[in-house]
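Survey of secondary and tertiary structure
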Amino acid sequence: MARPRCFDEHQALRSALEVFWAKGYNAASMTDLLDATRLSKSSLYASFGSKQALVVEAMRCYAEQLMDGPLAALGRPDAGRAEIEEALRATVAVARTEAGQRGCFINNCLTEIAPHDAEVMAAAAAAIQRLEAALLAAVRRGQQHGAITTGEAPEALARFLVNTLSGLNLAAKSKPAAERLDDIVRVALRALD
């Protein structure tokens, strides 16, 4: 009979996420991951399988944190234009923090690992598709209520907003003045008029 796990797997995953986010995948050593998660090598491998599988799970964890955190407004059943604005402004608020200046973990993985790893690419694509679906639903509601232009297809606007959110996170890495990020949001919202 297998011994029960004596650790919080979700907490270990969040700790691994922090290591990957701070150092990047390639620079994060197994020692770094073991120290952060406080797991033995056998426990880490038994729980997550490999370093690559661990980063994929960390990406899923990060996507959940986004949808429960700064992007939570998009998950409301009646989300529309106001919730899109709320999500954009919440993203800027996070981007202004020290942690936010590390950029988007999904974007970081897309540039560092995904070009060479199909599973990481699939995890990144799934996170992006989930965000795009939430934005698409909000855009459609906004169009139905007359708060968002119907001059553009809702799919095109949702894709534009995904890239705007991604761009805000990328811009945050250069630690810009607050008005630069605010300008991006203002122009993005104008595109919905």
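Whatever comes next refers back to the structure up there.
Residues numbered from 1 in each chain as written. Predicted model: local features only at pLDDT ≥ 70, side-chain atom pairs only at ≥ 80, totals over all residues. Heavy atoms only, no water.

**What about the nonpolar core?**
Of all hydrophobic cores here, the largest spans 33 residues; its most connected members are Phe 20, Leu 54, Val 55, Met 59, Phe 105 and Val 120. Those elements that place two or more of their residues in this core are helix H1 (9-23), helix H2 (30-37), helix H3 (41-48), helix H4 (51-68), helix H6 (105-112) and helix H7 (118-144). The element contributing the most residues to this core is H4, with eight residues. Sequence-distant contacts of Met 59, defined by excluding residues within four places in its chain, comprise Phe 105, Ile 106, Cys 109, Val 120, Ala 123 and Ala 124. Of all hydrophobic cores here, the second largest spans 28 residues; its members include Ile 84, Ala 87, Val 139 and Leu 192. (Core = buried A, V, L, I, M, F, W, Y, C linked by side-chain atoms within 4.5 Å. Buried < 20%, exposed > 50% of the residue type's maximum accessible area, 1.4 Å probe, protein only. Helix = DSSP H or I, 4+ residues; strand = E, 2+ residues; numbered from the N terminus. Contact = heavy atoms within 4.5 Å.)

**Overview of the environment of Ala 147**
Along the chain, the position of Ala 147 falls in the loop between H7 and helix H8 (154-172). Counting along the chain gives 45 residues from Ala 147 to Leu 192, while the straight-line C-alpha distance between them is 8.0 Å.

**Quick word on H2**
Burial in H2 covers these residues: Met 30, Leu 33, Leu 34 and Thr 37. Taken end-on, H2 shows its buried residues confined to a sector of 95°, consistent with a single buried face. Contacts from the buried residues of H2 go to H1, H3 and H4. After H2 finishes, the residue Arg 38 shows a positive phi value of roughly 60°. (Arc of directions from axis to C-beta.)

**Description of the packing of aromatic side chains**
Under the definition given, this model contains four aromatic pairs. Measuring from centroid to centroid gives 5.1 Å for Trp 21 and Tyr 62, while their planes differ by 75°, and the two rings are edge-to-face. Of this pair, Trp 21 sits in helix H1 while Tyr 62 sits in helix H4, placing them 41 residues apart in sequence. For the residue pair Trp 21 and Tyr 62, the accessibility class agrees, reading buried in each case. (Phe/Tyr/Trp six-rings, centres within 6.5 Å; stacked < 30°, edge-to-face > 60°.)

**Section: the side chain of Ser 15**
Note on placement: Ser 15 falls in helix H1. Ser 15 sits in the buried class, given a relative accessible area of 16%. When sequence neighbours within four positions are dropped, the list of residues in contact with Ser 15 reads Ala 36 and Thr 37.

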